[in-house]
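Structure assessment
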Amino acid sequence: MTKQHANWSPYDNNGGTCVAIAGSDYCVIAADTRMSTGYSILSRDYSKIHNCKADKAVLSSSGFQADVKALQKVLKSRHLVYQHQHNKQMSCPAMAQLLSNTLYFKRFFPYYAFNVLGGLDEEGKGCVFTYDAVGSYEKVGYSAQGSGSTLIMPFLDNQLKSPSPLLLPAQDAITPLSEPEAVDLVKTVFASATERDIYTGDKLEIMILKADGIRTEVMELRKTLSECWQHTLSIVLIRISTLGSLCYLELCLKFSCVVNRFSFSYL
Amino acid sequence: MKLDTSGFETSMPTIGFGSSNDMLDGFSTVPSFDLPRTTDFDGFQKEAVQMVKPAKGTTTLAFIFKEGVMVAADSRASMGGYISSQSVKKIIEINPYMLGTMAGGAADCQFWHRNLGIKCRLHELANKRRISVSGASKLLANMLYSYRGMGLSVGTMIAGWDETGPGLYYVDNEGGRLKGDRFSVGSGSPYAYGVLDSGYKFDMTVEEASELARRSIYHATFRDGASGGVASVYHVGPNGWKKLSGDDVGELHYHYYPVPPAIAEQVMEEAAAE
């Protein structure tokens, strides 16, 4: 008798993209707010950024959000224990290694989370750490993870031109861009990724970390493939309703609500 | 069939019981891992591996010569056809006189080398002298042997200088451990072996050896698509390791094979004429 394999998988991919850029005295961490499953949208307003209650490190993760939530909880409690034991907050490089070890301790049942950790190091310079699902990490000048990462990374490679940290004589991996320029770049990058990735869109949440604190910005992104069509449709509906065919209007409204919940719609 | 997880149980008594075991903490014993509760462990691991997609595809090499050990590696990490990073540190600094190379799963290599570094330091503190390369590689091999068959992917070389002179061992995830003079690991290793074996002499100077190592990595990155990035070269001498060079392999190509100026000018003239 052939073995029956279970069709249930403990994992799911909720999509989304996270980006971080390190600067000379700031760090920008951004993520979209769309949470999907398969071809459906579960939420248009779900934050993927977690600030670990550390003023120098912010974690952003895409992938399976249940695992991400569990991972955030573990990190938060480990950070709290550290604060009690050492009477100070964890530095960003320390948090980076903690995250790596936390991920590796689930090596045989991994957290399905693709993380980017951003923050300021001991000298106040920006640092970004990028991870794979089981904890291998490296310090980089910028990184993108998630469903839109293959679209975003080549563009960041082109714009930020960060020299490799392995070169000898050593060159700084930090980008020379100023903070407003980096925020602008992030907005551009997400607007472009939204055009071509169905799992990225809705809103963009940007956190800017500087020595004096964390600032948050929110920007609207495209919600469906063709919002201009929705606008046209609504104008047409108003015109029709003035002619008196209210039942047709109701049908069109219902259709547009269904369309709203599908991340791809041929409109 | 219930999985035999006795390999994960700590074999040492817990702290506070035996006074002779004061030094021991979680790091001296096999760390315990969460396991998924499934009847088909191998099938689950195969699926999990699909998700993790270990960064295979690499070229690392190391060889012993008169002046010590030369270690070199590329820096590309690929996930299938996508280059996930061009700046991966594949030469891991275990401690100031020992290096380890990374090939296979990036997280596996990073974690176990870090773990090895901790164990080596504990050995120093317990025995008031440095651990030998043979001892360190044995520690790593034994740790990996306990996880044999569970899907770890580690193909590493431990290079160092101890009281007996330069030492080089190859350790892999099956728990295999080989002592040798010349090793190359990874998808680009056949190309690297070709250049390395033909140019190798025991009586090389440090400069000649570093140039040989750099050239071998460059040739491997030239022909192997999964290798590339920056070619790093380290030297391990009696006073510890030192990084000798880190060059982008694209630039190395033009350094070794410069485009003759005549041809370049001709091409530019033709382009200008159009």
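Everything numeric in this text was worked out from a predicted model, so none of it was measured. (Residues numbered from 1 in each chain as written. Chains lettered and ligands numbered in written order. Predicted model: local features only at pLDDT ≥ 70, side-chain atom pairs only at ≥ 80, totals over all residues. Heavy atoms only, no water.)

Moving on: the sheet that holds strand β7 (residues 155-162) of chain B. Residues and elements named next belong to chain B. Spatially, the 5 strands line up as an open sheet ordered β5-β6-β7-β8-β9, and their pairing is antiparallel. Two strands in the sheet have a free side with no partner beyond their single neighbour: β5 (91-95) and β9 (177-179). Neighbour to neighbour, the strand axes of the sheet diverge by 25 degrees on average, direction disregarded. Sheet topology note: the strand β8 (residues 165-172)/β9 ladder contains 3 bridges and is antiparallel. Following the sheet pairing, V171 is matched in β9 by R177. Seen against the sheet, helix α2 (residues 106-127) touches β5, β6 (98-101) and β7 and runs at an angle of roughly 20 degrees to β5. With respect to the sheet, helix α3 (residues 133-146) is in contact with β6, β7, β8 and β9, its orientation differing from that of β8 by roughly 10 degrees. (Pairing = 2+ DSSP bridges. Helix = DSSP H or I, 4+ residues; strand = E, 2+ residues; numbered from the N terminus. Axes fitted to C-alpha atoms, helices over the stretch in contact; angles between N-to-C directions. Contact = heavy atoms within 4.5 Å.)

This paragraph deals with unusual backbone geometry. Residue and element names in this part refer to chain A. Look at the link from L168 to P169: it is a cis peptide, with omega at 5 degrees. Assignment of secondary structure puts P169 in the loop between α3 (149-160) and α4 (179-196). Despite not being glycine, N87 shows a phi value in the positive range, around 60 degrees. With a phi angle near 70 degrees, D202 is a residue other than glycine that sits in the positive phi range.

Here the focus is a nonpolar patch on the surface. Residue and element names in this part refer to chain B. Residues Y254, V259, I263 and V267 make up a contiguous nonpolar surface patch of about 390 Å² in total accessible area. Secondary-structure assignment places I263 in helix α7 (residues 261-273). The class of I263 is partly exposed, set by a relative accessible area of 45%. (Patch = residues over 30% accessible without salt bridge, like charges linked within 9 Å, V, L, I, M, F, W, Y side chains within 5 Å. Areas by Shrake-Rupley, 256 points an atom, 1.4 Å probe, with all protein chains shown as cover. Salt bridge = Lys/Arg side-chain N within 4 Å of Asp/Glu carboxyl O. Buried < 20%, exposed > 50% of the residue type's maximum accessible area, 1.4 Å probe, protein only.)

Once that is clear, we can look at the confidence of the model for chain B. All names here are of chain B. Per-residue confidence for chain B averages 85 on the pLDDT scale, and 85% of its residues sit at or above 70. Between residues 10-26, whose pLDDT stays under 50, and residues either more than four places distant or in other chains, the model counts 8 contacts. For this predicted complex, the interface confidence score (ipTM) comes to 0.78, while the overall pTM stands at 0.81. (pLDDT = per-residue confidence, 0-100.)

This next bit is on the packing of helix α1 (residues 65-86) of chain A against helix α2 (residues 92-104) of chain A. Residue and element names in this part refer to chain A. Here α1 crosses α2 at 130 degrees, and the two axes come no closer than 11 Å. Here α2 runs oblique to α1, going by the angle between their axes. Note on packing geometry: the crossing formed by α1 with α2 is right-handed. Here α1 contributes L71, V74, L75, R78 and H79 to the contact with α2, which in turn contributes M95, L98, L99, T102 and L103. Of the residues contributing to the contact of α1 with α2, the split by class is 7 nonpolar, 2 polar and 1 charged. (Parallel < 35°, antiparallel > 145°, perpendicular 65-115°, else oblique. Left-handed = near helix turned anticlockwise from the far one by under 90°. Nonpolar A, V, L, I, M, F, W, Y, C, P; charged D, E, K, R; others polar.)

The subject of this paragraph is the pairing of β7(B). Residues and elements named next belong to chain B. Across the 8 residues that make up β7, a large majority, 7, are buried. With 3 bridges connecting them, β6 and β7 associate as antiparallel partners. Along β7, the bridge assignment pairs M98 with G160. As defined by bridge partners, β7 adjoins β8 across 8 bridges and the pair is classed as antiparallel.

This next bit is on α2(A). An ideal rise of 1.5 Å per residue puts 18 Å on 13 residues; α2(A) measures up with 18 Å between its terminal C-alpha atoms. Turning to α2(A), its buried residues are C92(A), M95(A), A96(A), L98(A), L99(A), S100(A), T102(A), L103(A) and Y104(A). (Expected span 1.5 Å × (residues − 1).)

What follows concerns the state of the cysteines. All names here are of chain A. Scanning all chains against the criterion turns up 0 disulfides over all chains. In this structure C27 is not part of a disulfide, and its nearest cysteine sulfur, from C127, lies 6.6 Å away. Residue classification places C27 among the buried residues on the basis of a relative accessible area of 0%. According to the relative accessible area criterion, C127 is buried, its value standing at 0%. (Disulfide = S-S within 2.5 Å.)

This part covers the interface of chain B and chain A. Interface size is commonly expressed as the accessible area that is lost once the parts come together. On the side of chain A, 32 residues touch chain B, which itself brings 41 residues to the contact. For the pair chain B and chain A, the two sides together bury roughly 3000 Å², of which 65% comes from carbon and sulfur. Run the count over chain B and chain A and you get 1 salt bridge. Between D108(B) and R107(A) there is a salt bridge, with its nearest N and O atoms 2.6 Å apart. For the pair chain B and chain A, the interface holds 11 residue pairs in polar contact (both at pLDDT 80 or more). Mapped onto the side of chain B that touches chain A, the elements with two or more residues apiece are α1 (41-52), β4 (82-85), α2, β11 (230-237) and β12 (240-248) of chain B. Ranked by residue count, the leading element in the side of chain B that touches chain A is α2(B), at 7 residues. (Buried area = accessible area lost by both parts, 1.4 Å probe. Polar contact = N/O pair within 3.5 Å; in protein donor to acceptor, adjacent residues only side chain to side chain.)

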